[in-house]
Amino acid sequence: MVFDLESFGGVFEKRPDLKVIFVMLILVINCGSSSIKYELFDMAKEKPVARGSVTRIGEMGSSLVFEAENKDRIDRKVVCPGHHRAVEFMRDVLMDPDAGILKDVSEVSGVGHRVVHGGEEFTSSILVDGEVIDGIRRFSELAPLHNPPALEGIRGCEQIFKNVPQVAVFDTAFHQTMPRKAFFYGLPYELYEKYGLRKYGFHGTSHRYVAGKAAEILGRSLSELNLITAHLGNGCSMAAVRGGKSVDTSMGFTPLEGLVMGTRCGDIDPAVVAYLMSKEMLGDGELSEILNKRSGLLGLSGISNDMRDILDARRRGEQRAVLAFDVFVHRVVKYAGAYSAVLKNVDAIVFTGGIGENVPEVRDSVEESLAGLLGKEARFLTVQTDEELLIARDTCKVVLEKQKTK
Ligand code: ADP
């Protein structure tokens, strides 16, 4: 059977009969510093048929959770010193005679790995080979908490899922279409050359997914739309998307820039860094801890990084919760204003992420503040993000392309 790859996503809507003969299982893996989460997708239905995780890797009391369609759930403590072992656990539960779903690892057609940083080198999802591994390792310097565990996951899968193609899907790739004027900082040019100091942007898979969904909802082609996408979760970022391509985004060299987040500060005057270091006599680690872990909603409110707690406290009239909420919304509004200037006519603002999807107070406040700025036609949409599905689709596409060129 020959696939038209471009229309692959919609092929089963047009030809439901193909579903019967087409079985393709794609495993999507997201390796964090102390966890591995995965979903096994049946691509004919574009639905996960199993999912699981190993958390607290390398700590006391690692936990393993696994659940496959129509099977008993596994939830137990394990000893898991590293990611490689975690990948073995994943294989074992996927092939467990009672709770599992696979007879052999070769039933998986491809493994898609979420990789945070692909630098300037990786502009789309790619089949993993030695060069790709070298690239991911090179960009580990820019994402020291994220790229190394992803590499460990890839290495583990190469050994355990022998001969199954591995695909890397990068958080930064979607934003590689930003023009130079958007990604350069006003810093000495040599620093860009020497260290790659520039805006990269993150959450790319989510922005790309919700932009595509928004086009579906609006019943228009993505290529003719100007969208502002807002991924508001624990980490938060916005993007200006013209014709399906990112032209600006709020996160930068690292995910610290831009919006106010759960525990991250977002934009601040860079002079604050030197000032604080001298006043509080802080080392690099302590400063990074303040900016990344003790700021944002948590730092402002003194209550929590969780928007649900902020909303409760705000209802009770607690002033710092009111402040945290207002600063959060104000920053979203400012970026929406900036991106409407970048895009000119905005067709829609698309909210996603835990806060974007579930907190009407935030969406309504943003909408109210933007009244009159955007044209009357501009829509406010809420879309549930699904980064795993997009990783699965990309993996599927890369694997099919590989088969085609064989
Ligand atoms: P992550 O960025 O870690 O993937 P999420 O996208 O799940 O996180 O977003 C986490 C944020 O979303 C938290 O601030 C949480 O309070 C908020 N959130 C999630 N669900 C709800 C809900 N039902 N009501 C209000 N806030 C929610």
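It should be emphasised that the depicted structure is a prediction, and the values quoted were computed from it without experimental measurement.

The rules behind the values
- Residues numbered from 1 in each chain as written.
- Predicted model: local features only at pLDDT ≥ 70, side-chain atom pairs only at ≥ 80, totals over all residues.
- Heavy atoms only, no water.
- Helix = DSSP H or I, 4+ residues; strand = E, 2+ residues; numbered from the N terminus.
- Expected span 1.5 Å × (residues − 1).
- Buried < 20%, exposed > 50% of the residue type's maximum accessible area, 1.4 Å probe, protein only.
- Contact = heavy atoms within 4.5 Å.
- Near = heavy atom within 4 Å.
- Polar contact = N/O pair within 3.5 Å; in protein donor to acceptor, adjacent residues only side chain to side chain.
- Areas by Shrake-Rupley, 256 points an atom, 1.4 Å probe, with all protein chains shown as cover.
- Nonpolar A, V, L, I, M, F, W, Y, C, P; charged D, E, K, R; others polar.
- Pairing = 2+ DSSP bridges.
- Axes fitted to C-alpha atoms, helices over the stretch in contact; angles between N-to-C directions.

## Topic: helix α8 (residues 204-218)
Point 1. In a regular helix each residue adds 1.5 Å, so 15 residues correspond to 21 Å; α8 covers 21 Å between its end C-alpha atoms and thus fits that length.
Point 2. Considered for burial, the residues of α8 that qualify are Gly204, Thr205, Ser206, His207, Tyr209, Val210, Ala211, Ala214, Ala215 and Leu218.
Point 3. On its buried face, α8 sits against β8 (166-170), β9 (226-232), β10 (236-242), β12 (348-352), β13 (379-382) and α16 (387-405).
Point 4. Gly219 sits one or two positions beyond α8 and adopts a positive phi of about 65°.

## Some words on the site of the ligand
Point 1. As a structural note, the neighbourhood of the ligand is formed by Gly233, Asn234, Gly235, Asn305, Asp306, Met307, Arg308, Gly353, Gly354, Ile355, Asn358 and Val359.
Point 2. Contact distances for the ligand include 3.0 Å between an oxygen atom and a backbone N or O atom of Met307.
Point 3. One of the side-chain N or O atoms of Asn358 is found 3.2 Å from a nitrogen atom in the ligand.
Point 4. If the ligand stood free it would expose 570 Å²; the protein chains cover 65% of that surface.
Point 5. Elements supplying a minimum of two residues to the shell around the ligand: α12 (307-315) and α14 (353-358).
Point 6. When the residues that make up the shell around the ligand are grouped by side-chain class, the tally is 3 nonpolar, 7 polar and 2 charged.

## Some points on the pairing of β9
Point 1. β9 sits mainly inside the fold: 7 of its 7 residues count as buried.
Point 2. Burial of the side chains of β9 extends over both faces: Asn226, Ile228, Ala230 and Leu232 are buried on one face and Leu227, Thr229 and His231 on the other.
Point 3. Bridge analysis of β9 against β10 gives 7 bridges, and the strand direction is antiparallel. By the bridge assignment for β10, Thr229 is matched with Ala239.
Point 4. In this structure, the hairpin formed by β9 and β10 is closed by a connection of 3 residues.
Point 5. Two elements, β9 and β12, share 5 bridges in a ladder whose sense is parallel. Pairing of His231 across the sheet is with Thr352, part of β12.

## A closer look at the sheet that holds strand β5 (residues 74-78)
Point 1. Pairing within the open sheet is mixed, and its 8 strands lie in the order β5-β4-β3-β2-β1-β6-β8-β7. Only two strands of the sheet have a single neighbouring strand rather than two, namely β5 and β7 (126-127).
Point 2. As paired strands, β7 and β8 are joined by 2 bridges and run antiparallel to one another. Bridging from a neighbouring strand, Ile126 pairs with Ala168 of β8.
Point 3. Here α16 sits on the sheet and contacts β1 (25-31), β2 (36-42), β6 (108-115), β7 and β8; the angle it forms with β6, its principal contact strand, is near 125°.

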